[in-house]
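As a plain string of letters, each chain reads:
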Amino acid sequence: MKISVSSYSFNKLLSSGEMTQLDCISKAKEIGFDAIEFVDILAPDGVSKEEYAKVLSKECKRLELPISSFTFGADFLTGSGGNTELEIERVKKMVDIAEILGAKLIRHDATRGDGKSFDAILPIIADACREVTVYAAAKGIKTTVENHGYFCQDSDRVEKLYNAVGHENFGLLADMGNFLCADEQPEKAYGKIAPYTFYAHAKDFHVKSAMLPDPGEGFFRSRSGNYLRGAIIGHGDVPVLHCIRALKNVEFDGYIAIEFEGMEETISGITIGFNNLKRYIKEA
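Residues numbered from 1 in each chain as written. Predicted model: local features only at pLDDT ≥ 70, side-chain atom pairs only at ≥ 80, totals over all residues. Heavy atoms only, no water.

Colleague: Explain the overall build of the chain to me, and be specific about the residues and the numbers.
Modeller: Each helix and strand counted, the chain has 10 helices and 11 strands in total. Relative to the compact-globule value of 19 Å for 284 residues, the chain shows a C-alpha radius of gyration of 18 Å, a close match. Its C-alpha atoms put the chain at 45 × 45 × 40 Å along the principal axes. Looking at the chain as a whole, 53% of its 284 residues are labelled buried. (Helix = DSSP H or I, 4+ residues; strand = E, 2+ residues; numbered from the N terminus. Rg over C-alpha atoms; globule rule 2.2 N^0.38 Å. Buried < 20%, exposed > 50% of the residue type's maximum accessible area, 1.4 Å probe, protein only.)

Following this line, the structure appears as structure tokens:
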């Protein structure tokens with residue numbers, strides 16, 4: 001297994017203007033990461049996403065830091081004005097950007113739902129995911145959907161989607177922390193979907209029961225109302241080591257990318273998490 005870092009981990013510094021995605025590359029290399037994942041392309045004013053993707057790709061090559069994944073949003077039910085075909089075409093254009101970037105794997109979402117049951121909309125999103133992955137496969141790019149967004153988040157739902165798409169180029173991005181957003185135990189979920197996992201996110205959360213008083217700023221609610229707050233890898237309640245062992249049980253040898261969402265100072269939070277994750281992988 002190799003360790004990557006999501007550019008989303010630097011979000012506070014990116015949002016404040018203290019860093020750019022270009023800066024994230026050198027910082028990831030300095031900390032010791034094996035690769036970097038880009039979440040969207042945050043191009044400067046006056047620069048197209050395609051142009052900036054070339055700049056980012058060139059810098060990664062200069063520093064010999066591979067791009068482990070390109071991540072962006074999608075919603076095949078409500079995106080592009082609710083027009084599924086238009087949303088598919090938009091996602092294909094993002095695949096084109098991934099090709100410019102040099103990413104060999106992407107993550108796009110499936111849907112956040114439209115009020116219908118998951119089984120009712122499964123054929124629509126599965127067909128859309130299949131069309132995208134066929135397009136991406138021709139470019140040598142694998143596609144994934146993450147357990148993300150409350151609706152398409154449970155392990156049984158993403159497993160159903162994986163099976164419904166039924167294409168060798170399509171797999172899952174398994175986020176350790178995100179299963180808690182659907183009130184599911186991460187280690188049990190990982191044991192279920194590990195065989196279909198192309199890529200993993202290491203994420204940690206502090207968790208407090210919905211039976212307790214609201215802990216205040218920094219926390220958000222799970223689907224059933226539990227309180228979650230981003231944490232440094234190893235400092236929270238996510239069984240990170242157990243999830244890694246579930247991946248090793250199926251001989252997973254891909255990237256695990258840190259996605260840091262904690263309130264701590266960004267660089268130290270990422271660095272401590274990196275050191276912990278590196279140790280856990282050796283221990284697993």
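Additional details are given in the paragraphs that follow.
Colleague: Please set out the pattern of salt bridges residue by residue, giving values where relevant.
Modeller: When the charged atoms of two side chains lie near each other, side chains of opposite charge can form a pair. Counted according to the given criterion, the structure contains 19 salt bridges. A salt bridge links lysine 92 to glutamate 89; the nearest nitrogen and oxygen atoms lie 3.4 Å apart. Taken together, the residues span about one helical turn, with lysine 92 and glutamate 89 both in helix H5 (residues 84–101) at a distance of 3 residues. As a salt-bridge pair, arginine 157 and aspartate 154 come within 3.7 Å of each other at their nearest N and O atoms. Residue classification places arginine 157 among the partly exposed residues on the basis of a relative accessible area of 23%. Since its relative accessible area comes to 12%, aspartate 154 is described here as buried. One continuous salt-bridge network, built from bridges that share partners, spans Asp175, Lys203, Glu259 and Glu261. (Salt bridge = Lys/Arg side-chain N within 4 Å of Asp/Glu carboxyl O.)

Colleague: Give me the pairing of strand E1 (residues 2–6): which residues, what numbers.
Modeller: Burial of E1 is extensive: 4 of the 5 residues sit out of reach of the surface. In the sheet, E1 pairs with strand E11 (residues 255–258) via 4 bridges, with the strands oriented parallel. Bridged to valine 5 within E11 is isoleucine 258. Looking at chain direction, E1 and strand E2 (residues 35–39) are connected through 3 bridges and run parallel. (Pairing = 2+ DSSP bridges.)

Colleague: So what about the side chain of glutamate 159? Which residues, and what values?
Modeller: For glutamate 159, the location among the structural elements is in helix H7 (residues 155–165). Lysine 192 is the oppositely charged side chain nearest to the buried, salt-bridge-free glutamate 159, at an N-O distance of 5.0 Å. Sequence-distant contacts of glutamate 159, that is, excluding residues within four places in its chain, are made with Lys192 and Tyr196. (Lys, Arg positive; Asp, Glu negative; His and termini not counted. Contact = heavy atoms within 4.5 Å.)

Colleague: Kindly report on the environment of isoleucine 106, identifying the contributing residues and their values.
Modeller: With respect to the secondary-structure elements, isoleucine 106 resides in strand E4 (residues 105–108). Ignoring anything within four residues of it in the chain, the contact list for isoleucine 106 reads Ser69, Phe70, Phe72, Val95, Ala98, Ile141, Lys142, Thr143 and Thr144.

Colleague: Break down H7 for me, citing the residues and quoting the values.
Modeller: If you check which residues of H7 are buried, you get Ser155, Val158, Glu159, Leu161 and Val165. Buried residues along H7 cover an arc of 160 degrees about the axis, so they all sit on one side. Looking one or two places after H7, you find glycine 166, whose phi comes out positive at around 60 degrees. (Arc of directions from axis to C-beta.)

Colleague: Could you give an account of the sheet that holds strand E5 (residues 142–146), naming the residues involved and the relevant values?
Modeller: If you walk around this closed barrel you meet the 8 strands as E1-E2-E3-E4-E5-E6-E7-E11, and the pairing is parallel. Averaged over all pairs of adjacent strands, the angle between their axes in this sheet comes to 30 degrees, without regard to strand direction. Relative to the sheet, helix H8 (residues 186–193) contacts strand E6 (170–175) and strand E7 (197–202), its axis offset from that of E6 by approximately 165 degrees. (Axes fitted to C-alpha atoms, helices over the stretch in contact; angles between N-to-C directions.)

Colleague: Could you give an account of the nonpolar core, with specific residues and numbers?
Modeller: Grouped together as the largest cluster of nonpolar side chains are 86 residues, with contacts concentrated most on Ile36, Phe70, Leu161, Ile256 and Leu277. Ranked by residues supplied to this core, first place goes to helix H6 (residues 118–137) with 9 residues. Excluding residues within four positions of it along the chain, leucine 161 makes contact with Ala110, Phe118, Leu122, Ile125, Ala126, Cys129, Val145, Cys152 and Phe170. Listed in part, the 6 residues of the second largest apolar core include Leu105, Leu173, Tyr199 and Ala257. (Core = buried A, V, L, I, M, F, W, Y, C linked by side-chain atoms within 4.5 Å.)

Colleague: Describe the packing of H6 against H7, with residues and values.
Modeller: Direction vectors running N to C along H6 and H7 enclose 50 degrees, while the axes themselves pass 9 Å from each other. By the angle class used here, H6 and H7 are oblique. Pair H6 / H7 crosses with right-handed handedness. Contacts from Phe118, Asp119, Leu122, Ile125, Ala126, Cys129 and Arg130 of H6 reach H7 at Arg157, Lys160, Leu161, Ala164 and Val165. (Parallel < 35°, antiparallel > 145°, perpendicular 65-115°, else oblique. Left-handed = near helix turned anticlockwise from the far one by under 90°.)

Colleague: Outline helix H9 (residues 240–249), supporting the account with residue identities and numerical values.
Modeller: Among all positions of H9, only Val240, Cys243, Ile244, Ala246 and Leu247 are buried. Mapping the buried residues of H9 onto a view down its axis gives an arc of 155 degrees, with all of them on the same face. With its phi angle positive at about 60 degrees, glutamate 251 sits one or two positions after the end of H9.

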